[in-house]
Amino acid sequence: MPIQCSSCAKNRAMLRRPKTGHSLCKSCFFWAFEEEIHQTIVSARLFNPGETVGIGASGGKDSTVLAHVLKVLNERYDYRLKLLLLSVDEGITGYRDDSLETVKRNQQQYDLPLTIVSYEELYGWTMDAIVKQVGLKNNCTFCGVFRRQALDRGAMMLNVDKICTGHNADDVAETVLMNVLRGDIARLRRCTAISTASDGEGGIPRCKPLKYAYEKEIVLYAYFKKLDYFSTECVYSPNAYRGHARTFLKDLEAVRPSAIMDIIHSGENLSVKEGVKMPVQGTCSRCGYISSQALCKSCVLLVGLNRGLPKLGIGKHHRLHDKILAQQALTQQEEKKLKAMNF
Amino acid sequence: MCQVDEEYDSVLEQKSLPAVSKKCMKCKEGTAVLIIRVGDAFCRGCFKEYFKHKFRAMLGKNRVLFPGEKVLLAVSGGPVSSCMLAQVQEGLSREAPKKLRFMPGIIYIDEGGVCGQNAEEREKAVVQLESIFRTTGLPYHIVPLEQVFTLPESVLEPVYRREQPGSSYKAAVDQHIRSEVTQGHGKPTVEESQGALGQLSLQASTYKLEHKLALEGLFSTLKTLTAKQDMLHTLRQHLILHTARINGYSKVMFGDSCTRLAIKLLTNISLGRGAALAADTAFSDSRYGDVVMVRPMRDYSSKEIGFYNRLFEVQSVFIPGLDTKTADKASIQRLTESFVVKLQADFPSTVSTVYRTSEKLHTACPPQSSTTEPAAKCLLCLCALDTKADDASACHATLMSEQLSRGTVEKTGRTDAGCCQGQKQACGDGGCCSTSRAPGATDLRSLLCYSCRLTIKDMTAVDSLPPYISSEAEKRQRRAAMKKEIGEFLLEDGGADDE
């Protein structure tokens, strides 16, 4: 016997919602999914009318769905937003070049202007070149730090008011778990916020409209909408520890589907003891980007790369920041420690 | 950033093999019998000193146990709580250099009724434990879980007690010393406790058949093991709290090791208990007001305890629990445990990192607590309600999803929907619960915190809850209704009413 849609009670249900367990027909699912994102946007007051919003587009499922839904909602509810696509080219052959093709197709399908900023033009290094120097270990540190800044720099070039990224509920929950496992109390407190503070002078506010959308539902949405997206793992990411957290989260979801939302709820309600030392936000004295240290992470990484000491930015070497700023030479012992290991 | 091992490179590289005939790193004389941390080999004697010191240091540092105070030790028979009992005994013995000055008692909750043990097995476990308890000479209480059906509703009434001023500990110690001098070296305490031995096991360890069936009924309505474990924990806390209250204990000691607390922390995050995380894992938890829960074993890893129990022959009794012999993915609690234990094997800093995270947290105080009336507390876990969050929250988003997928067509008489689920729609928009309550079924949802709601959601029939819970729920609802009725005449509402 075909199951009826629990929402409209007319059509045949096509799917069971991973989030709630209800059986829904295709159109009711689309409606519910989009409406939820609309509610998130409205209740968290993510956008103001007339703003220019840059969508961080990687070509993957999350950002593809985000671009699609934002375009739909912008027209349906008349947000009066000017939407742009913003992509970062890390320079990874066999991965990013292919996914950027998808973004270019999206640009045409959704009729949104696309800007691509590349590591090569910003930093003078492609990820391929970085991996050649650093090796396969720790390369994600470079990529992650650089991408964050690249997105900001691209956004500044385009003069956008806000950036939104395709982080979904699974990503947020996973980050909560990761920060607990790493004991990173500062990030634990920040990671569940739907948008970064807009009043801060450092950088453009970012937000996550898909924060409460399950990854599985995003895939379902893309599948039924026949959206064109790119799904390949990055060729350089082994991601051992995060992999454990991810598997754990998926297992939790299998035991109790609401677990993802429950973790986010926990994260939102945590509060940190007074007197726990928190990093203070400042600006990098070299490039002016936000940083809690004298030098921002990407400057340290870059200096490390340019001097042939890739490990400079890996781990904590705050003591060396003054030396780098003063452009002094490092001692031989220090240099030896920071060189890439040769096998 | 993605790979955590990046910062541990150097640590991982210097793996040293334990030498067979190493000397103790502390006294440099005795032969090492075990390695506690990387490279730290201890001999038997030094290990014992180190272990004992840690326990005393934990109590000394926190200064919450007052001299002469009655303290209840919650002993499950497992290795950690048995070790805790051994430590307390050690501290009470005549040879101890600085004798512990509180008056301990023991409580064991017999959960065999829900863990699938038959009467014989339960009896056997109780006999084993009793023989251990008797040798300690401390008063003990053996309480079957079935007794929750006889609890008064006052267990759930939050008791508000003013914070102890900081100096009171010292004052209490001084007073104790003075009275000890007049009484003569505190001998009476020992005699008193031994004199009490006669009436120790008076606490009825029997239970009525109807209560046994009621308990079985209650647990059979819980559909998931996750909910069962959570409910068992809640009921156990209530029973211990009640026993402590009627016997005049003002502190309860729990045997939570560092490993257990790390597991508990992650479990509670996964269960949506983030708001009460600090209270659930800190050294002391004063949510019940007059009875404070303390966790003196929180500095020991389960491995250390295993070593100690083995080396010094601390007896423990194995009693199967709800999740014994279940698969890794049987419940959230079970899954988290296996996750942490496995991760700890590969990354030895996991437990201590997670545990240290817990020390940096404190329980979020809901903003409305600044008004005269104290904030509403959850009916089951008695932590502050965390469901009043603003519109942009996970709590609200979940309700929204439920509402949207249910659609405009309200279906009545859905078989899979418990009575609580039906109320969700009313709760969704304003946070105010419907007044048109279905007859018979009590709307518990509004009285519960986020996580306890999840447990109740996994329940097919809420009417099987013990009477003290349902009658307290009704009482609170009547008060809420009353308040609503007179709401227009109340001046300056503090917003502290129940949702």
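Residues numbered from 1 in each chain as written. Chains lettered and ligands numbered in written order. Predicted model: local features only at pLDDT ≥ 70, side-chain atom pairs only at ≥ 80, totals over all residues. Heavy atoms only, no water.

Asks: So what exactly am I meant to see when it comes to the overall build of chain A here?
Replies: Secondary structure summary: chain A contains 14 helices and nine strands in total. Relative to the compact-globule value of 20 Å for 343 residues, chain A shows a C-alpha radius of gyration of 21 Å, a close match. A principal-axis box enclosing the C-alpha atoms of chain A has dimensions of 75 × 45 × 45 Å. Counting every position in chain A, which comprises 343 residues, the buried fraction comes to 56%. Expressed as a percentage of contacts within chain A between residues at least 6 apart in sequence, the contacts between residues at least 24 apart total 68%. Element-wise, carbon and sulfur atoms account for 50% of the exposed surface of chain A, whose accessible area totals about 15,500 Å². The distance from the centre of the 47 positive side-chain charges to the centre of the 36 negative ones in chain A is 4 Å. (Helix = DSSP H or I, 4+ residues; strand = E, 2+ residues; numbered from the N terminus. Rg over C-alpha atoms; globule rule 2.2 N^0.38 Å. Buried < 20%, exposed > 50% of the residue type's maximum accessible area, 1.4 Å probe, protein only. Contact = heavy atoms within 4.5 Å. Areas by Shrake-Rupley, 256 points an atom, 1.4 Å probe, with all protein chains shown as cover. Lys, Arg positive; Asp, Glu negative; His and termini not counted. Charge placed at Lys NZ, Arg CZ, Asp CG, Glu CD.)

Asks: Explanation requested: the domain arrangement of chain A in the structure shown.
Replies: Many structure descriptions define interface size as the accessible area lost when the parts assemble. Residues and elements named next belong to chain A. Looking at the assigned domains, one finds that chain A contains domain 1 (15–269) and domain 2 (282–340). Here the C-alpha centre of domain 2 lies 29 Å away from the C-alpha centre of domain 1. On the domain 2 side, the residues contacting the 14 residues of domain 1 number 16 residues. Interface of domain 1 and domain 2: buried area, both sides summed, is about 1,400 Å²; carbon and sulfur atoms make up 71% of it. It is Gln-133, Phe-142 and Gln-149 in domain 1 that bury the most area against domain 2; as a group they hold 36% of the surface buried on that side. Linking domain 1 with domain 2 are zero salt bridges. Along the contact surface separating domain 1 from domain 2 lie three residue pairs in polar contact (both at pLDDT 80 or more). (Domains from an automatic or database assignment. Buried area = accessible area lost by both parts, 1.4 Å probe. Salt bridge = Lys/Arg side-chain N within 4 Å of Asp/Glu carboxyl O. Polar contact = N/O pair within 3.5 Å; in protein donor to acceptor, adjacent residues only side chain to side chain.)

Asks: Explain the packing of helix 9 (residues 258–270) of chain B against helix 12 (residues 332–346) of chain B to me, please; I cannot follow it from the model alone.
Replies: Each pair of packed helices can be described by the angle between their axes along with the distance between the axes. All names here are of chain B. As a packed pair, helix 9 and helix 12 sit with axes 9 Å apart at the nearest point and diverge in direction by 130°. On the basis of the axis angle, helix 9 is oblique to helix 12. In this structure, the crossing between helix 9 and helix 12 has a hand that is right-handed. Residue-level contacts link Arg-260, Ile-263, Leu-266, Thr-267 and Ser-270 of helix 9 to Ile-332, Gln-333, Thr-336, Glu-337, Phe-339, Val-340 and Val-341 of helix 12. Grouping the amino acids of the contact of helix 9 with helix 12 by side-chain chemistry returns six nonpolar, four polar and two charged. (Axes fitted to C-alpha atoms, helices over the stretch in contact; angles between N-to-C directions. Parallel < 35°, antiparallel > 145°, perpendicular 65-115°, else oblique. Left-handed = near helix turned anticlockwise from the far one by under 90°. Nonpolar A, V, L, I, M, F, W, Y, C, P; charged D, E, K, R; others polar.)

Asks: Help me out: how do you make sense of the sheet that holds strand 3 (residues 52–56) of chain A in this one?
Replies: Pairing between sheet strands relies on hydrogen bonds along the backbone, with the strands arranged either parallel or antiparallel. Residues and elements named next belong to chain A. A sheet is described by the order of its strands in space; here five strands give the open sequence 5-4-3-6-7, paired in parallel fashion. With partners counted over all chains shown, the strands left at the sheet margins are strand 5 (114–118) and strand 7 (206–207), one partner each. Here strand 6 (residues 162–164) runs beside strand 7; their pairing, made up of two bridges, is parallel. Counted as the bridge partner of Ile-163 is Arg-206 from strand 7. Across the sheet, helix 3 (residues 96–110) touches strand 4 (82–89) and strand 5, and the angle it forms with strand 4 is around 165°. (Pairing = 2+ DSSP bridges.)

Asks: What should I look at first to understand the UniProt feature "binding site: ATP" (unreviewed entry) in chain A in this one?
Replies: Residue and element names in this part refer to chain A. UniProt feature "binding site: ATP" (unreviewed entry): in the numbering of this structure it lies at Gly-56, Ala-57, Ser-58, Asp-62, Val-88, Gly-166 and Asp-171. Examined against the element boundaries, Gly-56 turns out to sit in strand 3. For Gly-56, the residues in contact, after removing those within four places along its chain, are Ser-63, Leu-86, Leu-151 and Cys-164. As for its placement among the helices and strands, Asp-62 is situated in helix 2 (residues 61–76). Not counting residues within four places of it along the chain, the set of residues in contact with Asp-62 comprises Gly-166, Asn-168, Asp-171, Leu-210 and Ile-218. (UniProt positions renumbered as here; feature names shortened; annotations may be inferred.)

Asks: How should I be thinking about the nonpolar core in this particular structure?
Replies: Most often, soluble globular proteins have nonpolar side chains that are buried together. Formed by 54 residues in total, the largest nonpolar core has its most connected members in Phe-219 and Leu-235 of chain B. Of all the elements in the fold, those that place two or more residues in this core are strand 3 (70–74), strand 4 (103–110), helix 7 (209–220), helix 8 (225–246), strand 6 (251–254), helix 16 (450–457) and helix 17 (467–485) of chain B. Apart from the residues within four sequence positions on either side, Leu-235 of chain B is in contact with Leu-145, Val-148, Leu-215, Leu-218, Phe-219, Pro-466, Tyr-468 and Ile-469 of chain B. Within the second largest apolar cluster, 51 residues are counted, among which are Leu-188, Met-261 and Ile-263 of chain A together with Leu-271 of chain B. (Core = buried A, V, L, I, M, F, W, Y, C linked by side-chain atoms within 4.5 Å.)

Asks: Is there a simple way to explain the pairing of strand 1 (residues 32–35) of chain B in this structure?
Replies: Where a strand is regular, its side chains alternate between the two sheet faces. Residue and element names in this part refer to chain B. Two strands pair when backbone bridges link them, and strand 1 and strand 2 (residues 41–43) are joined in this way by three bridges, in the antiparallel orientation. By the bridge assignment, Ile-35 is partnered in strand 2 with Ala-41. Counted between consecutive antiparallel strands, the loop separating strand 1 from strand 2 contains five residues, among which Gly-39 sits at a positive phi close to 80°.

Asks: Please explain the interface of chain A and chain B as it appears in this structure.
Replies: With 65 residues of chain A at the contact, the number on the chain B side is 64 residues. Taken together, chain A and chain B are joined by two salt bridges. Residue Arg-256 of chain A pairs with Asp-458 of chain B through a salt bridge whose shortest N-O separation is 3.1 Å. In this assembly, chain A and chain B are joined by 16 residue pairs in polar contact (both at pLDDT 80 or more). Those elements that provide at least two residues to the side of chain A that touches chain B are helix 1 (26–43), helix 6 (139–158), helix 7 (169–182), helix 8 (185–190), helix 10 (240–255) and helix 11 (259–269) of chain A. Element by element, the count of residues in the side of chain A that touches chain B is highest for helix 11 of chain A, at nine residues. Classifying every residue of the side of chain A that touches chain B by side-chain character gives 31 nonpolar, 19 polar and 15 charged.

Asks: Got a minute to help me understand the confidence of the model for chain B in this structure?
Replies: Low pLDDT marks stretches whose predicted atomic positions should not be read closely. All names here are of chain B. Per-residue confidence for chain B averages 80 on the pLDDT scale, and 77% of its residues sit at or above 70. Overall, residues 184–202 carries pLDDT values under 50, and its contacts beyond four positions in sequence, including any with other chains, amount to 15 contacts. A low-confidence stretch, residues 364–373 (pLDDT under 50), is modelled with 14 contacts involving residues beyond four sequence positions or located in other chains. Under the prediction, the complex receives an ipTM of 0.87, its pTM being 0.86. (pLDDT = per-residue confidence, 0-100.)

Asks: How should I be thinking about the pairing of strand 5 of chain A in this particular structure?
Replies: All names here are of chain A. The buried count for strand 5 comes to four of five residues, which makes it a mostly enclosed element. In terms of strand pairing, strand 4 meets strand 5 through five bridges, oriented parallel. Among the inter-strand pairings, Leu-85 is bridged to a residue of strand 5, identified as Leu-114. Tracing the backbone out of strand 4, into helix 3 and back to the parallel element strand 5 gives a crossover that is right-handed. (Right-handed = clockwise from strand over helix to strand, strands pointing away.)

Asks: Can you walk me through the sheet that holds strand 4 of chain B in this structure?
Replies: Residue and element names in this part refer to chain B. Reading across from one edge, 5-4-3-6-8-7 is the order of the six strands in this open sheet, with mixed pairing throughout. Single-partner strands in this sheet number two, and they are strand 5 (140–144) and strand 7 (284–285). When strand 6 meets strand 8 (residues 292–294), the two strands line up parallel, connected through three bridges. Counted as the bridge partner of Lys-251 is Val-292 from strand 8.

Asks: Looking at this structure, I do not really get the side chain of Lys-211 of chain A. What am I missing?
Replies: Residue and element names in this part refer to chain A. Here Lys-211 shows up in the loop between strand 7 and helix 9 (215–224). In terms of polar contacts, Lys-211 uses its side chain to reach the side chain of Tyr-212, at 3.2 Å. Polar side-chain contacts of Lys-211 include one of 2.9 Å to the side chain of Glu-268.

Asks: What am I meant to see in the UniProt feature "domain: Cytoplasmic tRNA 2-thiolation protein 1 C-terminal" (unreviewed entry) in chain A here?
Replies: In the numbering used here, UniProt assigns the "domain: Cytoplasmic tRNA 2-thiolation protein 1 C-terminal" (unreviewed entry) feature to residues 282–312 of chain A. Helix makes up 32% of residues 282–312 of chain A and strand 13%, with an end-to-end C-alpha separation of 21 Å.

Asks: What's the story with a nonpolar patch on the surface in this structure? I'm lost.
Replies: Residues and elements named next belong to chain B. A cluster of nonpolar side chains, Ile-486, Phe-489 and Leu-490, forms an exposed patch at the surface whose accessible area comes to about 300 Å². Mapped onto the elements of the fold, Ile-486 is located in the segment after helix 17. Taking relative accessible area as the criterion, Ile-486 reaches 42% and is therefore assigned partly exposed. (Patch = residues over 30% accessible without salt bridge, like charges linked within 9 Å, V, L, I, M, F, W, Y side chains within 5 Å.)

Asks: Help me understand the pattern of salt bridges in this model?
Replies: Side-chain pairing between opposite charges can occur once the charged atoms of the two side chains come close. Tallied over the full model, the rule gives 51 salt bridges over all chains. Ionic pairing is found between Asp-290 of chain B and Arg-245 of chain B, a salt bridge with its closest N-O pair at 2.9 Å. In this pair, Asp-290 of chain B is assigned in the loop between strand 7 and strand 8 and Arg-245 of chain B in helix 8, connecting sequence segments 45 residues apart. Within the structure, one salt-bridge network assembled from shared partners comprises Lys-61, Asp-62, Asp-170, Asp-171, Glu-174, Glu-215, Arg-242, Arg-246 and Lys-250 of chain A.

Asks: What is the right way to read the packing of helix 2 (residues 44–62) of chain B against helix 3 (residues 79–92) of chain B from this model?
Replies: All names here are of chain B. Two elements in contact, helix 2 and helix 3, have axes separated by 11 Å at closest approach and are oriented at 90°. Regarding the angle of helix 2 to helix 3, the classification is roughly perpendicular. Contact residues: Lys-48, Phe-51, Lys-52, Phe-55 and Arg-56 in helix 2; Cys-83, Met-84, Gln-87, Val-88, Glu-90 and Gly-91 in helix 3.

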